[in-house]
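Each chain, letter by letter, is given below.
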Amino acid sequence: MSERSDRIYRISFVNQDKIYEIFAKQVYESDLYGFVVVEEIVFGTQSSVVIDPGEERLKTEFEAVKRSFIPIHSVIRIDEVEKTGISKVHALDGNPTNNVSHFPRPSGSKKHD
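These notes cover the structure that comes with them. Not measured: the values here are computed from a predicted model.

**A look at the pairing of strand β2 (residues 18–29)**
Strand direction decides the pairing type here: strand β1 (residues 8–15) and β2, joined by seven bridges, are antiparallel. Directly across from arginine 10, in β2, lies its bridge partner phenylalanine 23. Here β1 hands over to β2 after two residues, with glutamine 16 in that stretch at a positive phi of 50°. Bridge count for β2 against strand β6 (residues 88–91) is four bridges, and the pairing is antiparallel. Bridge pairing in β6 places tyrosine 20 opposite valine 89. The pairing of β2 with strand β3 (residues 35–42) spans six bridges and is antiparallel. For valine 27, the partnering residue across the bridge sits in β3 and is valine 38. Between β2 and the antiparallel strand that follows it, β3, lie five residues; glycine 34 among them carries a positive phi value of about 90°.

Structure follows, in structure tokens:
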């Protein structure tokens, strides 16, 4: 039994003002400076009778993706987990129940007087 192949990671990252939470079998630092590579994205079991529309949307978005390069400054957290959960997208808002703090990100070029 290969211990390495049994690992599952939950990756939370910011993409277009939303927090994505996906599961993958491989996560590692990219040769491209400043990126994390996510491979072998996994979704919930197909035997489930109830289908989560949010997870189905993510599954469609990532269905043809072999490898995803995520900018390191967008990554919120990477956890090794016991089993795959439900992939989801959360709104990135000022909701006080949201307990995730973000690192400051460059906001682009601003003109200062």
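**Details of unusual backbone geometry**
Although it is not a glycine, glutamine 16 adopts a positive phi angle of roughly 50°. Exposure remark for glutamine 16: the relative accessible area of 67% places this residue in the exposed category. Phi is positive for glutamate 40, close to 55°, though the residue is something other than glycine. By the secondary structure assignment, glutamate 40 is in strand β3. The class for glutamate 40 is partly exposed, based on a relative accessible area of 40%.

**Description of the environment of serine 30**
Within the fold, serine 30 resides in the loop between β2 and β3. Here the alpha-carbon distance between serine 30 and proline 71, two residues 41 residues apart in the chain, equals 9.7 Å. Sequence-distant contacts of serine 30, that is, excluding residues within four places in its chain, are made with Phe35, Val36, Val37 and Phe69. Here the side chain of serine 30 touches leucine 32 through a polar contact of 2.8 Å, landing on its backbone nitrogen.

**Some thoughts on the environment of leucine 58**
Examined against the element boundaries, leucine 58 turns out to sit in helix α1 (residues 53–62). Distance from leucine 58 to phenylalanine 43, taken between C-alpha atoms, is 8.9 Å for residues 15 residues apart in sequence. Not counting chain neighbours up to four residues away, the residues in contact with leucine 58 comprise Tyr20, Glu21, Ile22, Phe43, Ser87, Lys88 and Val89.

So, how was this worked out
- Residues numbered from 1 in each chain as written.
- Predicted model: local features only at pLDDT ≥ 70, side-chain atom pairs only at ≥ 80, totals over all residues.
- Heavy atoms only, no water.
- Pairing = 2+ DSSP bridges.
- Helix = DSSP H or I, 4+ residues; strand = E, 2+ residues; numbered from the N terminus.
- Buried < 20%, exposed > 50% of the residue type's maximum accessible area, 1.4 Å probe, protein only.
- Contact = heavy atoms within 4.5 Å.
- Polar contact = N/O pair within 3.5 Å; in protein donor to acceptor, adjacent residues only side chain to side chain.

None of the figures reported here should be taken as evidence of function without further support.
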